[in-house]
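Chains, contacts and geometry: an overview
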Amino acid sequence: MNNIDSLPLILAIDTSCDETSAAVCLGRVVLSNIVASQAEIHRPYGGVFPTLAKQAHQENIAPVVQKAIKQAGIKQQMLDAIAVTQGPGLAPALEVGIEYAQKLARKWNKPLIGINHVEAHLWSVVASQKKRDLPIKQVLELKKNNHKVPSKLATPFKLSHKLLFPVLGIIVSGGHSQFVQINQVGQYNILGETVDDALGEALDKVGRMLDLGYPAGPVIEKMAQQGNSTAFDFPLPMTESGDFNLSYSGLKTAANRLIKSLQQNKKKELKTSSSTELTKQEVFDLAASFQYAAFRHLCYKLDKILASQKDTRFSQVWLGGGVASNLALRQQIRKTIKDHKLQLKIPFNKRLCGDNAAMIGVTANIRIGHKLTHKNTNLDRKPSWSLEII
Ligand code: KG4
Ligand code: ZN
């Protein structure tokens, strides 16, 4: 797609799971990022219900796209391309975004770009806010009049030439927990990943055991602040595995056993206490202890990766995905990488951590800049698309 402007204005769409999102990005600058959450719909089921997700995406997609265009202050004629999440994700959910993006691309005669959702979580850390000193108005005026953007004006919107590779990316979401070596734009090696549940999924499942609703990750974070993280002991998994993989099933089972034994004890003491329900403080302590153990496991493997660096020196560590918005996790990671003289880069706000379309737009921009996009009018869903075969 060599005919796309070197500073593309992109409409991006993501419907990979339970958020319907559309965004407009100019280079890596986010002009709008609308997210319609379906959390309320899925809450009674304690997880995402695919048929309902598809239905909600179908209802939300048109108004969400309209809102993103309006909030960005642009007209569809000014767009250089449309980007959409092709995978990984829930097949019926992906289908809605892809079909809609395809329809718009045909109607508006724009190139269509399929983007990998996990790659986008990685690049979410380079997304930039609208800043007053950026010549956004000037660039949009040029686009409106169908003029090319001169490189002097375009540079501040682009990925910095100073960025050194490899970078170590950490993705922690409801569907993924991966350590990724970013060798270049579009070139990734998965160094380690979960062999069972993703970190967010484990937090959600333990949250369900504690009746905290869905998604439970943010609730656990809040409760943990009022709890004691050393109140309950959890094991440190996979210390002898000799790899950088993660596993949360053992921690989850330990949490389940602990909750049951606390309830059992209360049953025995029923004569003295009025119910088998855990006290508020017990729930806070469980949340704090489980969260700490789950993050300690990730940081243990992270430390192992960094300690094993010989020829490859990572220049930075990036953190993306829904769980990246957790302040305790950021703190624990910062502490781990400080010993290796590395700094953590995170997305500029929490909306960029959870599922959102701005990260899809930013990734499309970066891939166009590196000539890594192909002309497409028909995109297939790729529900299990791995980062290593992009
Ligand atoms: O990236 P995301 O929005 O969707 C996926 O691609 O999976 O991640 C959602 C996950 C959920 O498991 C949710 O509980 C978790 O991210 N999450 C958090 C926090 N905010 C969202 N986990 C811990 N602390 C948070 N503040
Ligand atoms: Zn995601």
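See above for the structure.
This structure is a prediction, so every number in the text was calculated from the model and none was measured. (Residues numbered from 1 in each chain as written. Chains lettered and ligands numbered in written order. Predicted model: local features only at pLDDT ≥ 70, side-chain atom pairs only at ≥ 80, totals over all residues. Heavy atoms only, no water.)

**Describing the overall build of the protein chain**
What counts is decided by this rule: Helix and strand definitions follow DSSP, with helices as H or I runs of at least four residues and strands as E runs of at least two, each counted in order from the N terminus. In this description the radius of gyration comes from C-alpha coordinates, and the expected globular size is given by 2.2 Å times residues to the power 0.38. Any residue under 20% of the maximum accessible area for its type is buried, any over 50% is exposed, and the rest in between are partly exposed; the area is computed with a 1.4 Å probe on protein chains only. Residues count as neighbours in contact if any of their non-hydrogen atoms are within 4.5 Å of one another. Each accessible area value is a Shrake-Rupley result obtained with a 1.4 Å probe; residue values ignore everything except the protein chains displayed when judging cover.
When helices and strands are counted, the protein chain shows 12 helices and 10 strands. For 390 residues, the compact-globule estimate of 2.2 N^0.38 gives 21 Å, and the protein chain sits close to it at 22 Å. Considered along the principal axes of its C-alpha atoms, the protein chain spans approximately 80 × 50 × 40 Å. Here the protein chain holds 390 residues, and the buried ones make up 54% of them. Contacts in the protein chain between residues far apart in sequence, at least 24 positions, make up 76% of those at least 6 positions apart. Surface summary for the protein chain: the accessible area is close to 18300 Å², and the carbon and sulfur share equals 48%.

**What about the sheet that holds strand β3 (residues 29-37)?**
Put simply, the rule is: Here a strand pair is declared whenever DSSP counts at least two bridges between the two strands. With axes taken as lines fitted to C-alpha atoms, and helix axes fitted only over the stretch in contact, angles between N-to-C directions fall between 0 and 180 degrees.
Taking strand neighbours across the sheet as the criterion, the five strands line up as β3-β2-β1-β4-β5 in an open arrangement whose pairing is mixed. The two strands at the open ends of the sheet, each matched to only one other strand, are β3 and β5 (112-116). Strand-to-strand twist in this sheet, taken as the mean axis angle between neighbours without regard to direction, amounts to 20 degrees. Sheet topology note: the strand β4 (residues 81-87)/β5 ladder contains five bridges and is parallel.

**Details of the site of ligand 1**
Going by this rule: Throughout, the term near means that a residue has one or more heavy atoms lying within 4 Å of the molecule or strand in question. Polar contacts here mean pairs of N or O atoms no more than 3.5 Å apart (in protein, one a potential hydrogen donor and the other a potential acceptor; neighbouring residues in sequence count only if both atoms are side-chain atoms). Classes in brief: Ala, Val, Leu, Ile, Met, Phe, Trp, Tyr, Cys and Pro nonpolar; Asp, Glu, Lys and Arg charged; the others, Gly included, polar.
Taken together, 21 residues are adjacent to ligand 1, and Gly-174, Asp-204, Glu-221, Gly-322 and Asp-355 come closest. Gly-200 is positioned such that a nitrogen or oxygen atom in its backbone is 3.2 Å from an oxygen atom of ligand 1. Contact distances for ligand 1 include 2.7 Å between an oxygen atom and a side-chain N or O atom of Asp-204. Elements with a minimum of two residues in the shell around ligand 1: α4 (117-123), α7 (199-209) and α8 (217-224). If you tally residues by element for the shell around ligand 1, the top one is α7, at four residues. In terms of residue class, the shell around ligand 1 is made up of five nonpolar, 12 polar and four charged.

**Re the pairing of strand β7 (residues 177-184)**
The side chains of a regular strand alternate, residue by residue, between the two faces of the sheet. Among the eight residues in β7, six count as buried, and that is most of the element. Pairing of strand β6 (residues 167-172) with β7, which is carried by six bridges, proceeds in the antiparallel orientation. Across the sheet, Leu-168 pairs through a bridge with Gln-181, a residue of β7. Hairpin geometry of β6 and β7 is characterised by an intervening segment of four residues between the two adjacent antiparallel strands.

**A few points about the environment of Met-209**
Inspection of the secondary structure assignment puts Met-209 in helix α7. Met-209 gets classed as partly exposed once you look at its relative accessible area, which sits at 29%. Taking the C-alpha atoms as reference points, Met-209 and Ile-220, separated by 11 residues in sequence, lie 12 Å from one another. With near-sequence residues (within four places) excluded, Met-209 lies in contact with Lys-252, Ala-255, Asn-256 and Ile-259.

**Describing the nonpolar core**
For clarity, the threshold we go by: The term nonpolar core refers to a set of buried residues drawn from Ala, Val, Leu, Ile, Met, Phe, Trp, Tyr and Cys, joined through side-chain atoms within 4.5 Å.
The biggest cluster of nonpolar side chains holds 48 residues, and the ones touching the most others in it are Ile-170, Phe-234, Phe-290, Leu-298 and Ile-333. Elements with a minimum of two residues in this core: β6, α7, α8, α9 (249-268), α10 (280-307), β9 (317-320) and α11 (327-338). Per-element accounting of this core gives the leading share, 13 residues, to α10. Counting 40 residues, the second-largest nonpolar core is a separate cluster that includes Ala-22, Val-24, Leu-26 and Tyr-100.

**Comments concerning the side chain of Ser-247**
Along the polypeptide, Ser-247 turns up in the loop between α8 and α9. Given the relative accessible area of 10%, Ser-247 is considered buried.

**Let's talk about the packing of aromatic side chains**
Note the threshold: Stacked, edge-to-face and tilted are the three classes for Phe, Tyr and Trp ring pairs, Trp counted by its six-membered ring, which pair at centre distances within 6.5 Å; planes under 30 degrees apart are stacked, over 60 edge-to-face, the rest tilted.
The full count for this structure, using the stated rule, is three aromatic pairs. A centroid spacing of 6.5 Å and a plane angle of 65 degrees characterise the contact between Trp-123 and Phe-165, whose relative ring orientation is edge-to-face. Of this pair, Trp-123 sits in helix α4 while Phe-165 is found in the loop between α6 (151-154) and β6, placing the two residues 42 residues apart along the sequence. By relative accessible area, which is 24% here, Phe-165 ends up partly exposed. Ring centres of Phe-234 and Phe-290 lie 5.6 Å apart, and the angle between their planes is 80 degrees; on these two criteria the pair is classed as edge-to-face. Of this pair, Phe-234 sits in the loop between α8 and α9 while Phe-290 sits in helix α10, and the two are 56 residues apart along the sequence. Grouping residues by exposure puts Phe-234 and Phe-290 together as buried.

**Overview of the environment of Gln-55**
Here Gln-55 is to be found in helix α2 (residues 50-72). With 37 residues separating them along the chain, Gln-55 and Pro-92 place their C-alpha atoms 9.2 Å apart.

**Focus on the sheet that holds β6**
The strand order β8-β7-β6-β9-β10 describes an open sheet built from five strands, whose pairing is mixed. Edge positions in the sheet fall to β8 (187-193) and β10 (344-345), since each has one partner strand and no second. Across six bridges, β7 lies against β8 in antiparallel orientation. Residue pairing across strands places Gln-181 opposite Asn-189, the latter belonging to β8.

**A short note on the packing of α7 against α9**
For clarity, the threshold we go by: Relative orientations are named as follows: roughly parallel for angles under 35 degrees, roughly antiparallel for angles over 145 degrees, roughly perpendicular for angles from 65 to 115 degrees, and oblique for any other angle.
Where α7 meets α9, the axes come as close as 10 Å, and the angle between the chain directions of the two elements is 10 degrees. In terms of orientation, α7 and α9 fall into the roughly parallel class. Between α7, through Lys-205, Val-206 and Met-209, and α9, the contact on the second element is made entirely by Lys-252, Ala-255, Asn-256 and Ile-259. Per-class residue counts for the contact of α7 with α9 are four nonpolar, one polar and two charged.

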